[in-house]
Number of protein chains: 2
Amino acid sequence: MTDRIAAEWIAVDWGTSSLRAWAMRGRDMLAEASSERGMGSLSPGDYESALLDLIGDWLGGGVTPVVVCGMAGARQGWREAGYAAVPCPPVGQGAVRPDVSDPRLSVAILPGLSQTQPADVMRGEETQIAGFLSQTPGFDGVICLPGTHTKWVHVSAGEVISFRTFMTGEIFALLSNQSVLRHSVGDGWDEAAFADAVRDGMARPEALAARLFSLRAESLLAGLSAASARARLSGLLIGAELTAARPYWLGQRVAVVGAGSLSRLYASALAPEGVVAETADATRVTLAGLAQAYETLRETT
Amino acid sequence: MTDRIAAEWIAVDWGTSSLRAWAMRGRDMLAEASSERGMGSLSPGDYESALLDLIGDWLGGGVTPVVVCGMAGARQGWREAGYAAVPCPPVGQGAVRPDVSDPRLSVAILPGLSQTQPADVMRGEETQIAGFLSQTPGFDGVICLPGTHTKWVHVSAGEVISFRTFMTGEIFALLSNQSVLRHSVGDGWDEAAFADAVRDGMARPEALAARLFSLRAESLLAGLSAASARARLSGLLIGAELTAARPYWLGQRVAVVGAGSLSRLYASALAPEGVVAETADATRVTLAGLAQAYETLRETT
């Protein structure tokens with residue numbers, strides 16, 4: 001028999017392809033659970049039961065607050081939570097409360113952030129930014145959040161000033177899995193090839209579509225290894241991104257927040273440019289951001 | 001009852017996803033036929049019967065020469081036809097003859113072209129280049145062949161001097177059909193948005209991955225139409241390509257050879273740069289190139 005977990009509140013990160021939840025007491029994590037019932041596989045009427053399946057055992061007799069970030073707040077999600085317009089603090093205002101049938105639940109979904117010019121949006125990363133800032137008091141600089149849609153975010157005095165999204169991760173996945181390059185790109189890694197390709201991508205970003213086909217041609221003509229092709233594909237894409245994002249990182253304090261392996265790639269790509277990037281784990285800052293949102297909601301309601 | 005077609009020889013363009021054949025007498029086309037039995041759906045043992053299903057009615061009592069260009073000569077094709085290394089004439093040497101069971105067939109598969117530095121390959125386009133040159137005597141300049149993998153080809157004195165392949169078409173297809181942009185990109189076209197995006201893509205090619213996500217953000221925040229998003233996606237990608245291909249087209253005589261709609265896009269993107277591109281139809285030049293290869297093979301065997 002296991003001890004029963006009595007959550008004070010529940011933190012939820014509801015992404016496109018996954019659902020993760022944590023039973024919390026204050027800022028302490030008591031238990032975690034996850035499922036693959038992300039936004040992409042759910043209709044609005046499915047969310048409450050998907051959540052209860054995962055966290056039902058953590059609920060007590062009273063009402064338990066549930067704080068949700070991510071795609072559950074998208075237009076195609078549970079209930080649209082809109083966007084707060086930058087410049088603004090990353091979290092704190094505009095949470096929406098979807099209707100729920102179970103009286104033990106009180107759910108708040110956090111909004112994303114939007115920017116008018118150039119047009120941009122984020123949803124979920126704002127919570128990571130809030131968590132990072134809560135763990136790094138006084139941080140003033142740039143946060144890079146690598147992923148499917150990598151974000152570069154300028155933060156000052158606790159507010160998000162501006163940001164820019166790059167589709168680098170999604171383009172990498174499409175090219176390596178579904179383009180003609182799938183025949184040339186395989187498992188493994190080649191650190192030197194990555195570093196060369198970053199430099200090359202930064203120097204001639206416009207040549208990307210041609211450099212990419214060269215990977216195919218070199219594998220046909222010169223036996224380019226699948227590992228080197230993978231590292232070069234990644235390096236060329238990240239190099240082009242770094243050139244475009246230069247106004248963000250040049251001469252700034254930079255933190256890279258994301259999954260360990262991807263964060264290390266970005267940090268190593270920035271190092272030759274003289275940028276010593278701090279790093280932070282995405283899950284840890286997500287939890288810290290949800291905790292901060294929970295505290296703010298408790299104070300204001 | 002239809003007249004029986006007696007082909008002197010048969011021209012075949014065997015692509016990844018389709019097979020097209022023409023019954024020929026000299027340079028005159030007597031009949032055409034096509035099927036979807038491209039390289040992607042065939043094993044080496046399937047090619048002869050796929051061909052006979054299409055052209056069987058055109059064969060007489062004797063041996064009919066069949067000249068094949070395209071992916072049937074790839075490593076995964078009917079029989080590998082290798083590559084001729086540039087600089088060299090686009091066709092004329094190195095055809096391979098796959099084993100056939102039917103005594104009425106004499107099949108020759110044309111090789112592609114390869115380039116060592118930067119590594120590059122083509123297969124099929126060399127035949128279009130030969131056909132274009134046979135129809136445009138004395139042409140000295142650059143041929144652009146837009147498609148899934150767009151080629152820019154420098155031609156002088158009847159030889160291919162150098163070339164460069166851009167994955168622009170494949171990237172457009174992946175992004176518009178399979179990325180997050182599929183929610184924003186739809187049917188229709190916006191000529192002004194295309195022209196603006198070409199200019200933008202040429203000016204800041206490094207910002208491509210960010211400009212792409214802006215299409216999604218503008219459709220969420222500002223109601224960007226699906227037609228404008230499609231035209232901008234195309235323009236951004238072609239603009240970046242034109243910047244990288246500038247050494248090819250700047251100050252050169254330029255011909256665009258391809259399907260009508262795509263050729264017109266490239267020609268209209270080049271016009272503001274002062275390039276008045278000639279255009280030629282891809283099917284017509286393919287046939288002319290296969291005819292030239294047939295004549296060369298007849299002389300040398």
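Remember, it's a predicted structure, so these values are computed and weren't measured experimentally.

## Observations regarding the packing of aromatic side chains
Phase 1: Under the criterion given, the structure shown has 12 aromatic pairs over all chains.
Phase 2: Taking 5.6 Å as the distance between ring centres and 15 degrees as the angle between the ring planes, the aromatic pair formed by Tyr-47 of chain A and Trp-78 of chain A counts as stacked. Note that Tyr-47 of chain A is positioned in helix 1 (residues 47-55) and Trp-78 of chain A in the loop between strand 4 (64-70) and strand 5 (83-85), a separation of 31 residues in sequence. Taken as a pair, Tyr-47 of chain A and Trp-78 of chain A share a single burial class, namely buried.
Phase 3: Ring geometry for Trp-14 of chain B against Tyr-47 of chain B: centres 4.9 Å apart, planes inclined by 50 degrees, an arrangement best described as tilted. With a gap of 33 residues between them, Trp-14 of chain B in strand 1 (residues 9-14) and Tyr-47 of chain B in helix 1 (residues 47-55) connect regions that are remote in the sequence.
Phase 4: Overall, the relative accessible area of 0% leaves Trp-14 of chain B in the buried class.
Phase 5: Through successive ring pairs, a cluster of aromatic residues spans Trp-14, Tyr-47 and Trp-78 of chain A.
Phase 6: The cationic tip of Arg-123 of chain A hangs over the ring face of Tyr-83 of chain A; the distance from NZ or CZ to the ring centre is 4.5 Å.

## So, the interface of chain A and chain B
Phase 1: Taken residue by residue, the interface counts 42 residues in chain A and 42 residues in chain B.
Phase 2: Roughly 3400 Å² of surface becomes buried between chain A and chain B when both sides are summed, with 68% attributable to carbon and sulfur atoms.
Phase 3: Looking at the side of chain A facing chain B, the largest losses of area belong to Met-167, Glu-206 and Phe-213 of chain A, adding up to 19% of the total buried there.
Phase 4: Between chain A and chain B we count 0 salt bridges in total.
Phase 5: The interface formed by chain A and chain B contains 11 residue pairs in polar contact (both at pLDDT 80 or more).
Phase 6: Top element by residues in the side of chain A that touches chain B is helix 5 (residues 208-221) of chain A. It accounts for 11 residues.
Phase 7: Across the side of chain A that touches chain B, the residue classes tally to 22 nonpolar, 10 polar and 10 charged.

So, how was this worked out
Residues numbered from 1 in each chain as written. Chains lettered and ligands numbered in written order. Predicted model: local features only at pLDDT ≥ 70, side-chain atom pairs only at ≥ 80, totals over all residues. Heavy atoms only, no water. Phe/Tyr/Trp six-rings, centres within 6.5 Å; stacked < 30°, edge-to-face > 60°. Helix = DSSP H or I, 4+ residues; strand = E, 2+ residues; numbered from the N terminus. Buried < 20%, exposed > 50% of the residue type's maximum accessible area, 1.4 Å probe, protein only. Lys NZ or Arg CZ within 6 Å of the ring centre and 35° of its normal. Contact = heavy atoms within 4.5 Å. Buried area = accessible area lost by both parts, 1.4 Å probe. Salt bridge = Lys/Arg side-chain N within 4 Å of Asp/Glu carboxyl O. Polar contact = N/O pair within 3.5 Å; in protein donor to acceptor, adjacent residues only side chain to side chain. Nonpolar A, V, L, I, M, F, W, Y, C, P; charged D, E, K, R; others polar.

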